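For reference, the chains in residue letters:
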Amino acid sequence: MSSATETDTDTDAGDGRPSWTFLTNHAHVLVAIGQDPEMRQRDIADAVGITPGAVTRILAELEASGCVTHERVGRRNRYHINPEVHFRHPLESEVTIGQLIELTDGIID
């Protein structure tokens, strides 16, 4: 088990920031789509810092759970977030995806 000191000094690439994040990759994908519903999967992958294959898997899971739908527009997909879906974990079950998107709206231009 790590001590508090070891955890506090766990940084990524020596830039002084922790190597962990508060949001999951699923949440990061939702935020990326919220910022640009027509973002390509490879661009989502770059923004989130994961592989395009991981984005494909996450989008399939988000669609299966009713969080996201997509429509084909020409050669691209346009994603639609269902803002009424609630978070799954009991601690956040009163929070909706729409509230997450509102919270992060405008953070990244």
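For the structure given in this document, a descriptive report is provided here. (Residues numbered from 1 in each chain as written. Predicted model: local features only at pLDDT ≥ 70, side-chain atom pairs only at ≥ 80, totals over all residues. Heavy atoms only, no water.)

1. A word on the overall build of the protein
Just so we agree on the cut-off: Helix and strand assignments come from DSSP, with helices taken as H or I runs of at least 4 residues and strands as E runs of at least 2, each series counted from the N terminus. Only protein chains enter the accessibility calculation, which uses a 1.4 Å probe; a residue is then buried when its area is under 20% of its type maximum, exposed when over 50%, and partly exposed in between. Any two residues whose heavy atoms approach within 4.5 Å at even a single point are treated as in contact. Here the open area of atoms and residues is found with the Shrake-Rupley method and a 1.4 Å probe, where only the protein chains shown may cover a residue.
Secondary structure summary: the protein contains five helices and two strands in total. The order of helices and strands in the protein, counted from the N terminus, is α-α-α-α-β-β-α. Counting only residues that meet the buried cut, the protein has 25% of its 109 residues in that class. When contacts within the protein are restricted to residue pairs at least 6 apart in sequence, long-range pairs at least 24 apart make up 35% of them. Within the structure as shown, the protein displays about 7,800 Å² of accessible surface, and the carbon and sulfur contribution to it stands at 53%.

2. What about the packing of aromatic side chains?
The line we're drawing: The pairing test for Phe, Tyr and Trp rings, Trp by its six-membered ring, is centres within 6.5 Å, and the orientation test on the planes gives stacked under 30 degrees, edge-to-face over 60, and tilted for anything in between.
Applying the stated criterion across every chain, the model contains one aromatic pair. Where Trp 20 meets Phe 22, the ring centres are 4.9 Å apart and the plane angle is 80°; that geometry is what we call edge-to-face. Note on Phe 22: relative accessible area 76%, which makes it exposed.

3. What to know about helix H4 (residues 52-64)
The test is simple: Given a helix with a known number of residues, its expected span is that number minus one, times 1.5 Å. As used here, the arc belongs to the directions running from the helix axis to the C-beta atoms.
When the terminal C-alpha atoms of H4 are compared, their 18 Å separation across 13 residues agrees well with the 18 Å that a helix rising 1.5 Å per residue should span. Every buried residue of H4 is listed here: Ala 54, Val 55, Ile 58, Leu 59 and Leu 62. The arc that holds every buried residue of H4, seen down its axis, measures 135°, which confines them to one face. In this structure, the buried residues of H4 make contact with helix H2 (25-35), helix H3 (41-48), strand S1 (68-73) and strand S2 (76-81). A positive backbone phi angle near 85° is found at Gly 66, which sits one or two residues after H4.

4. Looking at the packing of H2 against helix H5 (residues 97-104)
To be explicit about the condition: For helices, the axis comes from a line fit to the C-alpha atoms of the stretch in contact; other axes are also lines fit to C-alpha atoms, and the angle between any two N-to-C directions lies between 0 and 180 degrees. Convention used here: angles under 35 degrees read as roughly parallel, angles over 145 as roughly antiparallel, angles from 65 to 115 as roughly perpendicular, and any remaining angle as oblique. In a left-handed crossing the near helix is turned counterclockwise from the far helix by less than a right angle, and in a right-handed crossing that turn is clockwise.
One can describe the packing of H2 onto H5 by two numbers: an axis separation of 10 Å at closest approach and a directional angle of 65°. Overall, the two elements H2 and H5 adopt an arrangement that is roughly perpendicular. Once H2 is placed against H5, the crossing between them reads as right-handed. Touching Ala 27, Leu 30, Val 31, Gly 34 and Gln 35 of H2 are Ile 97, Leu 100, Ile 101 and Thr 104, all from H5.

5. Observations regarding the pattern of salt bridges
We count it as follows: Each salt bridge in this description consists of a side-chain nitrogen of Lys or Arg and a carboxyl oxygen of Asp or Glu lying within 4 Å of one another.
A complete count under the given rule lists four salt bridges for this structure. Note that Arg 78 is salt-bridged to Glu 38, the shortest N-O span being 2.4 Å. Pair noted here: Arg 78 is in strand S2 and Glu 38 is in the loop between H2 and H3, with a separation of 40 residues, a long-range link. When the shortest N-O distance is used, the salt bridge between Arg 57 and Glu 61 registers 3.2 Å. Placement of the pair is Arg 57 and Glu 61 together in helix H4, with a separation of four residues, close to one helical turn. Overall, the relative accessible area of 44% leaves Arg 57 in the partly exposed class. The exposure class assigned to Glu 61 is partly exposed, which follows from its relative accessible area of 35%. Each of Glu 38, Glu 71 and Arg 78 takes part in one network of salt bridges that share partners.

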